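Summary of structural features
Listed below, chain by chain, are the residues.
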Amino acid sequence: MSRNAAAARTGSDQALAVYQQLRARPGTTFAEVADRLDLSAEERERCHDELVSLGLTAPASPQPVVDPDVALLRLLRRERDRLQERLAATSRAHTALEALAGPFLRAGATPRGEIEVEIVEDPARVRRSLVDLTDSVRTAAHFMHTGSVRREELPGELAQDRLWAERGVRIRAMYSRRAASVPEMAQHLEERAALGVEVRFASVVPMNMVLADENFALLPTDPHDLSSAAILARGPGLVRSYLALYEYCWTAAAPYGEDDEPEKGGGGLSEQQRAALLMLASGIKDEQIAKNLGVSLRTVSRLLSEVMQELGAASRFEAGVKASRLGLLDGEAP
């Protein structure tokens, strides 16, 4: 047995002996029992502290000895009060944490049924939201740029790409074709593509947009004014609508590295076929197309099949996409 363990055993034995003497001789004081047991000053202090901590003696009371069952009940009551105090303190801390950190926690983990829309006018706040997005994105991030990215933002964008690539995040970026004509941007896009970023070009990019995880969207209140306030939206119920728009634009865009020459096809379309294509792209049903052209439904099906064959498309949707790339939709449907 170690010296410390032996001392503890001796101290407890001495405290027990003092307690037994006090109970056997009612009216006897602690000092009298300590004298009888020939305890040193250090032993007296240790025994006194132990008996008081266990609630077996009450120095301030005329009766110095407390029955064990009474002492146990008091000890349990004291521990219960301490526990209640700690629970109350924990509850207060939780309330304070929710008030202070709740908005930041919700920024990266909005419940699926919740939709939040905020108009942000402070550019610094927009930048902070994008920085926070770097840590919160889990599966995919989608970007749409109407022009070139500012020179000072290029290194940060590449660092973000590396971080997301290591975490397996899918990154898609869509640019206007004229962005690639800037040498610095061309080099930047080459570096992004080397990191695994999916890059595409479009003749027309409708607006700047950032989407993430079907739960975050950042886009302008006025697509034609780059200095306008931003819309910050959270919640899949709304973000999925923006993602559908992005998917349409992405499908119509040309992948990075492909030949920029215009696609072949479309030159052999007759006026009737071109009119049917325009109406199809406008969302008009086959029945209405037939009525507008004064032909049968079978004739409309044949016209559209001929359009798909001319454009080398496997579906009507692909035909619309190719027609858009070729500029065949630059007009109004009849």
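So, here's what we can say about the structure. Just so it is clear, the structure is predicted and the values come from calculations on it, not from any experiment. Per chain, residues are indexed from 1 in the order of the written sequence. The model is predicted, so local features are restricted to residues of pLDDT at least 70 and side-chain atom pairs to those at 80 or more, both for listing and for counting; the totals for chains, interfaces and linings are taken over all residues. Only hydrogens and water are set aside when side-chain values are computed; all heavy atoms of the structure are taken into account.

Turning to the nonpolar core, a few remarks are in order. Residues Val137, Phe143, Trp164, Tyr175, Phe216 and Leu218 are the most contacted members of the largest nonpolar core, which totals 25 residues. Filtering out sequence-adjacent residues up to four positions away, Trp164 remains in contact with Leu133, Thr134, Val137, Ala141, Phe143, Val169 and Ile171. Put simply, a nonpolar core is a bunch of buried Ala, Val, Leu, Ile, Met, Phe, Trp, Tyr and Cys residues held in one set by side-chain atoms that sit within 4.5 Å of each other. Relative accessibility decides the category of a residue: with a 1.4 Å probe and only protein chains considered, values under 20% of the type maximum give buried, values over 50% give exposed, and everything between is partly exposed. Here, residues are in contact when the closest pair of their heavy atoms is within 4.5 Å.

Time to look at helix H10 (residues 286–293). Secondary structure elements follow DSSP: runs of H or I no shorter than four residues count as helices, runs of E no shorter than two count as strands, and numbering proceeds from the N terminus. Of all the positions in H10, only Asp286, Ile289 and Ala290 are classed as buried. Taken down its axis, H10 places every buried residue within 100° of arc, on the same side. The secondary structure elements touched by the buried residues of H10 are helix H9 (271–281), helix H11 (297–311) and helix H12 (316–326). One or two positions beyond H10, positive phi appears at Gly294, with a value near 75°. The directions considered for the arc are those from the helix axis to the C-beta atoms.

So, about the packing of aromatic side chains. Between rings of Phe, Tyr and Trp, where Trp is taken as its six-membered ring, a pair exists when centres lie within 6.5 Å; planes separated by under 30 degrees are stacked, by over 60 edge-to-face, and by other angles tilted. Following the criterion strictly, the structure yields four aromatic pairs and no others. Aromatic pair Phe201 and Tyr256: ring centres 6.0 Å apart, planes at 45°, arrangement tilted. Remark: Tyr256 occurs in the loop between strand E8 (254–255) and H9 and Phe201 occurs in strand E4 (residues 198–202); sequence separation between them is 55 residues. Classification of Tyr256 by relative accessible area gives partly exposed; the value is 33%.

Turning next to the side chain of Glu157. In this fold, Glu157 is placed in helix H6 (residues 154–166). Identification of polar contacts relies on pairs of N or O atoms within 3.5 Å, with a donor-acceptor requirement for protein atoms, meaning one able to donate a hydrogen and the other able to accept it, and with residues adjacent in sequence counted only if both atoms are side-chain atoms. In this structure the side chain of Glu157 is engaged in a polar contact, spanning 3.5 Å, whose partner is the side chain of Arg192. Every residue in contact with Glu157, bar those within four places of it in the chain, is listed here: His145, Val149, Tyr175, His188 and Arg192.

Once that is clear, we can look at the sheet that holds strand E5 (residues 209–212). Read from one edge of the open sheet, eight strands run E1-E7-E6-E5-E2-E3-E4-E8, paired in mixed fashion. The outermost strands of the open sheet, each flanked by one partner alone, are strand E1 (116–120) and E8. The pairing criterion is simple: DSSP has to find at least two bridges between the two strands.

Comment: axis = line fitted to C-alpha atoms, over the contacting stretch for helices; angle = value between 0 and 180 degrees taken between N-to-C directions. Two elements in contact, H11 and H12, have axes whose closest approach is 10 Å; the angle formed by their N-to-C orientations is 55°. When the axes of H11 and H12 are compared, the pair comes out oblique. Between H11 and H12 the crossing geometry is left-handed. Residue-level contacts link Leu304, Met308 and Leu311 of H11 to Arg316, Ala319, Lys322, Ala323 and Leu326 of H12. When its residues are assigned to classes, the contact of H11 with H12 shows six nonpolar, no polar and two charged. Angles below 35 degrees are treated as roughly parallel, those above 145 as roughly antiparallel, those between 65 and 115 as roughly perpendicular, and all remaining angles as oblique. By definition, turning the near helix anticlockwise from the far helix through less than a right angle yields a left-handed crossing, and turning it clockwise yields a right-handed one. Amino acid classes used here: Ala, Val, Leu, Ile, Met, Phe, Trp, Tyr, Cys and Pro are nonpolar; Asp, Glu, Lys and Arg are charged; the rest, including Gly, are polar.

Right, let's talk about the pattern of salt bridges for a bit. Close approach of charged atoms allows side chains of opposite charge to pair. The working definition used for a salt bridge is a side-chain nitrogen of Lys or Arg within 4 Å of a carboxyl oxygen of Asp or Glu. Counting across every chain of the model gives 13 salt bridges. Ionic pairing is found between Glu42 and Arg46, a salt bridge with its closest N-O pair at 3.9 Å. In this pair, Glu42 and Arg46 both sit in helix H3 (residues 41–53), four residues apart, roughly one turn of the helix. By relative accessible area, Arg46 is classed as partly exposed at 30%.

So, about the layout of surface pockets. Buried and open spaces are told apart on a 1 Å grid over the protein atoms alone, a cavity being a set of points where a 1.4 Å probe fits but cannot get out and a pocket being an open set with protein on both sides within 12 Å along at least five of seven lines. Residues with an atom within 4 Å of a point are the lining residues. Grid points are joined across faces, edges and corners, and a volume is the space filled by probe spheres set on the points. Roughly 1,200 Å³ of volume is contained in the largest pocket. When residues of the lining of the largest pocket are traced back to their parent elements, those giving at least two are helix H5 (123–136), strand E2 (140–145), H6, E5 and strand E6 (216–220). When the residues that make up the lining of the largest pocket are grouped by side-chain class, the tally is 17 nonpolar, ten polar and seven charged.

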